[in-house]
Structure formats: C-alpha cells, structure tokens
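Fold and geometry: a report
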Amino acid sequence: MPAHVLEGVPVRPYQREDVVEWAGRRCAGWRSRGARADLAVKKGLRWLEGWDPGQEGVTPVFGAGDGSAGGCTR
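Residues numbered from 1 in each chain as written. Predicted model: local features only at pLDDT ≥ 70, side-chain atom pairs only at ≥ 80, totals over all residues. Heavy atoms only, no water.

Digging into the overall build of the protein
The condition that has to hold: Working definition: helices are DSSP H or I runs of at least four residues, strands are E runs of at least two. Numbering for both runs from the N terminus. Residue contacts are counted whenever heavy atoms from the two residues lie within 4.5 Å of one another. Areas reported here follow the Shrake-Rupley algorithm with a probe of radius 1.4 Å; residue values treat only the protein chains shown as occluding.
When helices and strands are counted, the protein shows three helices and zero strands. Along the chain direction, N to C, the helices and strands of the protein fall in the order α-α-α. In the protein, the share of contacts with a sequence separation of at least 24, taken over all contacts with a separation of at least 6, comes to 71%. By element, 55% of the accessible surface of the protein is carried by carbon and sulfur atoms, the whole surface being about 6,600 Å².

Topic: the packing of aromatic side chains
Here is the rule we go by: Here a Phe, Tyr or Trp ring, Trp counted by its six-membered ring, pairs with any other such ring whose centre lies within 6.5 Å, and the pair is stacked when the planes are under 30 degrees apart, edge-to-face when over 60, and tilted otherwise. To sort residues, take the accessible area from a 1.4 Å probe on protein chains only and compare it with the maximum for the residue type: under 20% means buried, over 50% means exposed, and anything in between is partly exposed.
Enumeration over the complete set of coordinates arrives at one aromatic pair. Ring geometry for Trp-47 against Trp-51: centres 5.9 Å apart, planes inclined by 25°, an arrangement best described as stacked. A relative accessible area of 56% places Trp-47 in the exposed class. In this structure Trp-51 comes out as partly exposed when scored by relative accessible area, which is 36%.

Some thoughts on the confidence of the model for the protein
For the record, the criterion: What pLDDT expresses is the predictor's confidence in each residue, scored from 0 to 100.
With 85% of its residues at a pLDDT of at least 70, the protein reaches an overall mean of 82. Put simply, helix α1 (residues 3-6) is where the protein has its lowest mean pLDDT, 82, and helix α3 (residues 35-50) is where it has its highest, 95.

Here we look at the pattern of salt bridges
Any two side chains of opposite charge can pair, so long as their charged atoms come close to each other. Selection rule: Here a salt bridge means any side-chain nitrogen of Lys or Arg lying within 4 Å of a carboxyl oxygen belonging to Asp or Glu.
Counted under the stated rule, the structure contains one salt bridge. Here Glu-21 and Arg-25 are joined by a salt bridge, their closest N and O atoms 2.9 Å apart. Placement of the pair is Glu-21 and Arg-25 together in helix α2 (residues 16-28), with a separation of four residues, close to one helical turn.

Topic: a nonpolar patch on the surface
We apply this condition: Residues enter patches when they are more than 30% accessible in relative terms and free of salt bridges; like-charged ones are connected within 9 Å and nonpolar ones (Val, Leu, Ile, Met, Phe, Trp, Tyr) within 5 Å.
On the surface, a cluster of nonpolar side chains totalling about 400 Å² of accessible area is made up of Met-1, Val-5, Val-9 and Phe-62. Along the chain, the position of Val-5 falls in helix α1.

Description of the environment of Asp-52
Within the secondary structure, Asp-52 sits in the segment after α3. Given the relative accessible area of 59%, Asp-52 is considered exposed. Each C-alpha atom of the pair Asp-52 and Glu-17 lies 9.9 Å from the other, and the pair is 35 residues apart in sequence.

Focus on the packing of α2 against α3
Note the cut-off: Axis angles are defined between N-to-C directions and span 0 to 180 degrees, where every axis is a line fitted to C-alpha atoms and, for a helix, only to the segment in contact. Angle categories: roughly parallel below 35 degrees, roughly antiparallel above 145, roughly perpendicular from 65 to 115, and oblique for all the rest. Crossing handedness is defined as follows: a turn of the near helix away from the far one that is anticlockwise and smaller than a right angle gives a left-handed crossing, while the clockwise case is right-handed.
Contact geometry for α2 and α3: axes closest at 10 Å, N-to-C directions at 160°. Considered as vectors, α2 and α3 are oriented roughly antiparallel to each other. With respect to the hand of their crossing, α2 and α3 are arranged in left-handed fashion. Taking contact as the criterion, the partners of Arg-16, Val-19, Val-20, Ala-23, Gly-24 and Cys-27 in α2 are, on α3, Val-41, Leu-45, Leu-48, Glu-49 and Gly-50.

Take a look at the structure:
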C-alpha cells in the first residue's frame, strides 16, 4: 500500500505509551504484599516508564496486529 494511504490507518492498540499508562494505573492501586514485592513493582514501573525501544531501523508496516483485539480502537 502506498505510504499516503497507510498514514490514515489507525495505530493498533497497546503501543508503548498505552502500556505504560495501564501499568501505572495498576501500580497506583497496588496493595502492599511485602517489602520485596513492593520494591519489585516500584522498580519495574520505573524501568518501564524509562524504556524507549527507539525508532532507529524501524520501518512502519501494515498488518493485523493482535487479531484477538476485535473492536478495540485507539
């Protein structure tokens, strides 16, 4: 497909920003399960928030994405 056509196609759900936002909401509701578990959640979220896979060498493609995401929109 020509690039100008693909520019109008919605981005599939659960891009990096969506996942970070979802994880942040889940962590905000975290109930303490002990010091080690609490630390793991805190450090895991910190890592996820700072994670950036970068765009170097990335070529946008047109594909089905998650076929089980029927009805999901961004």
